[in-house]
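# Tertiary structure, described
Take a look at the letters that make up each chain.
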Amino acid sequence: MDAIADLDIADIDPTALRVQLTEVFRAAGTAEAARPKVLALFKDMWAAALTHAEHKLMRDGDGRACAAYLSGVQDEIVSAIHDYTAAHVYFRPIGSVSESIAIVATGGYGRGLLAPGSDIDLLFLLPYKQTPWAESVVEYALYLLWDIGYKVGHATRTVEQCVKLSRNDVTIRTALLDARLIHGDTELFARFEERFVEDVGRASARAYIEAKMAERDQRHKRSGASRFLVEPNIKDGKGGLRDLHTLHWLSKFLVDGGRPGGEVEHTELSPKERVTLRRSEDFLWTVRCHLHFLSGRAEERLTFDVQPEMAARLRYRTSRGLRAVERFMKHYFLVAKTVGDLTAVVSLALELEQLKTAPRLNEMINPLTWSTRRTIRQQTDFRIENDRVTIADSQVFARNPRNFLRIFEVAEDTGSYLHPDALRGIRRTLHLLDDDLRSDPKAAGIFFNLLTKSKQPEAILRQLHGAGVLGRYIPEFARVTAMMQFNMYHHYTVDEHLLRTVGELRSIEDGKRVESLPLSSGLFPTIKNRRALYLAALIHDIGKGRAEDHSIVGARLALSICRRLGLDSTETQLVVWLVEQHLLMSTTAQTRDLADPRTITGFAEVVTTRERLKLLLLLTVADIRAVGPGTWNGWKGQLLRQLYSQADVVISDETPGLTPDEQMAESTAALRARLTGWTDEQFAAFTERQYPDYWGRIELKTQVAHARLLRDIEADGRKLGTAFSTDRFTAITELVVIAPNHARLLSLFAGCCSAAGANILGAHIATTRDGLVLDSFLLARQLGEDEDELRRTRQIGEMIERVLRGDIRLTQLLDAKRPAERRVEAFSVAPQVRVDNELSDQFTVIEVEGRDRPRLLYDLTAAISDLNLDITSAHITTFGERAVDVFYVSDLTGKKIIHEARQKSIEDLLLPILASDVG
């Protein structure tokens, strides 16, 4: 096969290939003896083709040409296999019409494009029923193809069977729309084409459209409802190749009468739009071919671990605050948006093509009244046609640029979508949306109506965005359109996240989140600055993709936007403040000790007013919920509620702060009320063992768990025990451990939890006067049923007790650790250690940041223990691949770490741990 290696398909001589196959057969003497050499020949041929295709793809970046080349080589192999089989393995009876075969490519292979790892779909078309000869030829050819390494989808049918099955099965009908003759009986294939057009293609187009649209919706649901998922499926996701295929199939049915094979001209698109669609498809094919070569299989998902290498293959470079991988993914999402926008236009046009045969009937059943239609016609530049808002003439937007916004107001008021002609008119004249309109008070009024008074502001903003109006009206929004952040925390592009934040905010306001968000739902009716809140939600991440902190940049941009939109100084200051501080509440709640008074006073000093506190809570909740599935949980809600209630007291000056003695008296009284059945002597024995700060730092329910567990283990003569409880609403399971104190006890507990696969979110540590440790671990709840979750926690508790008793070594458990998630390894997180004495009046705060991995918390706590530091509380937060762990510590005398040399030793010890990939 040296003659074939690295040659273009045009250089492969079919005759020479068949001569070579014949020579192999004659030299071997029998088909059985020749088979290994024939198989090796075809394997070498396909391997050479793949090598050539990849080299050419790397050189010219033309994915469509790569796919066409591989399809052509595949055609040659399939044809040569058939001819070899018919000539040397199973001789065809001479003159028998019934023994003819047409080998047909279907599905994606039928369109003449084949990705490196894709399946091939073949139809062996027969004139009549299957004969022994045909069955043998097909079987031999298929086994040879499988042994070469192909995944082959196949069917053997007569023309009549193809027609009958196509009528009843949309999937088969769709596959045969792309039927293409590879080799064999041309007359037989022509007969199939005519029968398909006559008996299938002229069937109900409406039913086919409905079926394919429903299929598309289900596909999007499976692969992710948004085209802006940051790990997109380039084939089945929104804006991917399958959407283009769906357009192709619909057009084939409606424009070309369902005739198999060939391309269809999308007459619904302008020449410029057709060029754009073609370029988008070329880009997607290029990405797909690279992805198949890179992964070595038919991988269709751009996962985090392949994105950087894909960016390198496609020659993207870091620029303007975006890394190379982010620039590549931004390009991808812009293409997906283009595909989505253009396919929407074609789909609507095809749908309207079906409706226009009976427009009067459609108008009769339309809920819009004739008076509404007449009012729109008489008072605006718009019309309602087939339930869709369209433009009166081509000069609508030139005549009055406010119509760029007003048309969406009409669509909102009438519950209609935009007509394809209207969308095309908007895109054609978008250059007319200029600074005059952006500074026009009446236009701003329309925009705020859409943002704050719409029934579904997220949906209407999505339409504005899809048409290109939102990014043109707010240019700062255009900058973050299709922008992805290369991390595992954010599930969507920035623009998609912002739209979803507005949607989450409206869901809270409409009372749809009362059960899961009782505080936020109750607060919404009490806020005074609703418009400022919605605008802040829409633009809070507008500063991303720049070198400077996005909150600071965003605040500057927000100031400019507010001034353009005509907000007064009070509203402007509020929006700017919300954008600048939109991370403050979530960061404080998740990474600070809320039992430390300095945390609450410091937070309150920044917030200053109750109105700001309410608005910041609502924005924070909507922001977190809009990050992606699974990001919000009950524990985050509990932390935010706790921070809100404590800060509200401070800001409102409702009660003066309690002295330590008053705090202790109040806490002990509350605990005594909960410990029913206890004698005064038992209660006094527990309280006298606690240091004074215990009563201000440990929650009442945890104090109850401590008291009961301590009583139980001492009644049994033990000094070691565990207890646990779970809460479905907060999604937290609390594990309480009591044991004799020693230096590395916390790291030992952390190691056990790591070995058990438990996700620790927080820990609070208290010591008694007589040398016991009362540890409370907050674990992320993993199982739905309480019984199952408690069984899991019981096993963790038993593991901890076994380790403490010496029944099992912790190193044995950690050696069987979970491997790091593969996607995490695609990221690098610069390790950081910050030692801060300002965040707490009593403790030194050590905040560390690095790439997450199994047993990271164990290694960190072990190192802190080795430094002779006592950990009072730990707050464990993971943002995708980034772990942010915060420890409130003191030295062995209970003092802060104030000496610079000691602080430096902390940094020197922890930084290598954060930088290490060893878990």
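Attention here is on the structure that accompanies the text. (Residues numbered from 1 in each chain as written. Predicted model: local features only at pLDDT ≥ 70, side-chain atom pairs only at ≥ 80, totals over all residues. Heavy atoms only, no water.)

This next bit is on the side chain of His582. Tracing the chain through its elements places His582 in the loop between helix 28 (569-580) and helix 29 (584-591). One polar contact links His582 to Asp541, side chain to side chain, over a distance of 3.2 Å. Within polar-contact distance, the side chain of His582 engages the backbone oxygen of Val579 at 2.6 Å. Discounting residues that sit within four places of it in the chain, His582 has contacts with His540, Asp541, His550, Ser551, Leu616, Leu619, Thr620 and Asp623. (Helix = DSSP H or I, 4+ residues; strand = E, 2+ residues; numbered from the N terminus. Polar contact = N/O pair within 3.5 Å; in protein donor to acceptor, adjacent residues only side chain to side chain. Contact = heavy atoms within 4.5 Å.)

Turning to helix 20 (residues 441-452), a few remarks are in order. Spacing of three or four residues puts side chains on the same side of an α-helix, whose turn is 3.6 residues. For helix 20, which comprises 12 residues, the first-to-last C-alpha distance of 16 Å matches the rise-based estimate of 16 Å (1.5 Å per residue) to within 8%. Looking at helix 20, one finds that the buried residues are Ala443, Ala444, Ile446, Phe447, Phe448, Leu450, Leu451 and Thr452. (Expected span 1.5 Å × (residues − 1). Buried < 20%, exposed > 50% of the residue type's maximum accessible area, 1.4 Å probe, protein only.)

Mapped onto the elements of the fold, Arg377 is located in helix 15 (residues 370-379). Taking the C-alpha atoms as reference points, Arg377 and Ile391, separated by 14 residues in sequence, lie 9.8 Å from one another. For Arg377, the residues in contact, after removing those within four places along its chain, are Phe382 and Arg383.

Our next topic: the sheet that holds strand 5 (residues 382-385). Taken in spatial order, the 3 strands of this open sheet run 5-6-7, and their pairing is mixed. Both outer strands of the open sheet, strand 5 and strand 7 (417-418), are each paired with one neighbouring strand and no more. Judged from the 2 bridges that link them, strand 6 (residues 388-391) and strand 7 form a sheet pairing that is parallel. Considered in strand 7, the bridge of Val389 is made with Leu418. (Pairing = 2+ DSSP bridges.)

Time to look at the packing of helix 27 (residues 550-565) against helix 28. Helix 28 packs onto helix 27 with a crossing angle of 160° between their chain directions and a minimal axis gap of 8 Å. Between helix 27 and helix 28, the crossing angle belongs to the class labelled roughly antiparallel. Handedness of the crossing formed by helix 27 with helix 28: right-handed. Contacts from Ser551, Ile552, Gly554, Ala555, Ala558, Leu559 and Cys562 of helix 27 reach helix 28 at Thr572, Val575, Val576, Val579 and Glu580. Classifying every residue of the contact of helix 27 with helix 28 by side-chain character gives 8 nonpolar, 3 polar and 1 charged. (Axes fitted to C-alpha atoms, helices over the stretch in contact; angles between N-to-C directions. Parallel < 35°, antiparallel > 145°, perpendicular 65-115°, else oblique. Left-handed = near helix turned anticlockwise from the far one by under 90°. Nonpolar A, V, L, I, M, F, W, Y, C, P; charged D, E, K, R; others polar.)

Turning next to the nonpolar core. Formed by 192 residues in total, the largest nonpolar core has its most connected members in Phe42 and Phe447. If one sorts the elements of this core by residue count, helix 13 (residues 324-355) sits on top with 13 residues. Apart from the residues within four sequence positions on either side, Phe447 is in contact with Leu405, Leu461, Leu470, Tyr473, Ile474, Leu538 and Leu565. Listed in part, the 49 residues of the second largest apolar core include Phe749, Leu813, Val835 and Ala863. (Core = buried A, V, L, I, M, F, W, Y, C linked by side-chain atoms within 4.5 Å.)

Turning to the packing of aromatic side chains, a few remarks are in order. In total, this model carries 15 aromatic pairs according to the counting rule given. Both rings, one in Tyr316 and one in Phe328, keep their centres 5.5 Å apart while their planes meet at 50°; by these two values the pair is tilted. With Tyr316 in the loop between helix 12 (307-313) and helix 13 and Phe328 in helix 13, the pair connects residues that are 12 residues apart, well separated along the chain. Using a relative accessible area of 15% as the deciding quantity, one classes Tyr316 as buried. You can call Phe328 buried: its relative accessible area is 0%. (Phe/Tyr/Trp six-rings, centres within 6.5 Å; stacked < 30°, edge-to-face > 60°.)

Moving on, we get to the sheet that holds strand 9 (residues 732-740). Strand pairing in a sheet is mediated by backbone hydrogen bonds. Such pairs are either parallel or antiparallel. Pairing in this open sheet of 8 strands is antiparallel, and the strands run 8-9-11-10-14-15-13-12 from one edge to the other. Strands with a single pairing partner mark the edges of an open sheet, and in this sheet they are strand 8 (721-727) and strand 12 (832-836). Ignoring strand direction, the axes of neighbouring strands in this sheet form an average angle of 15°. Lying over the sheet, helix 29 contacts strand 14 (869-879) and strand 15 (882-891), oriented at roughly 135° with respect to strand 14.

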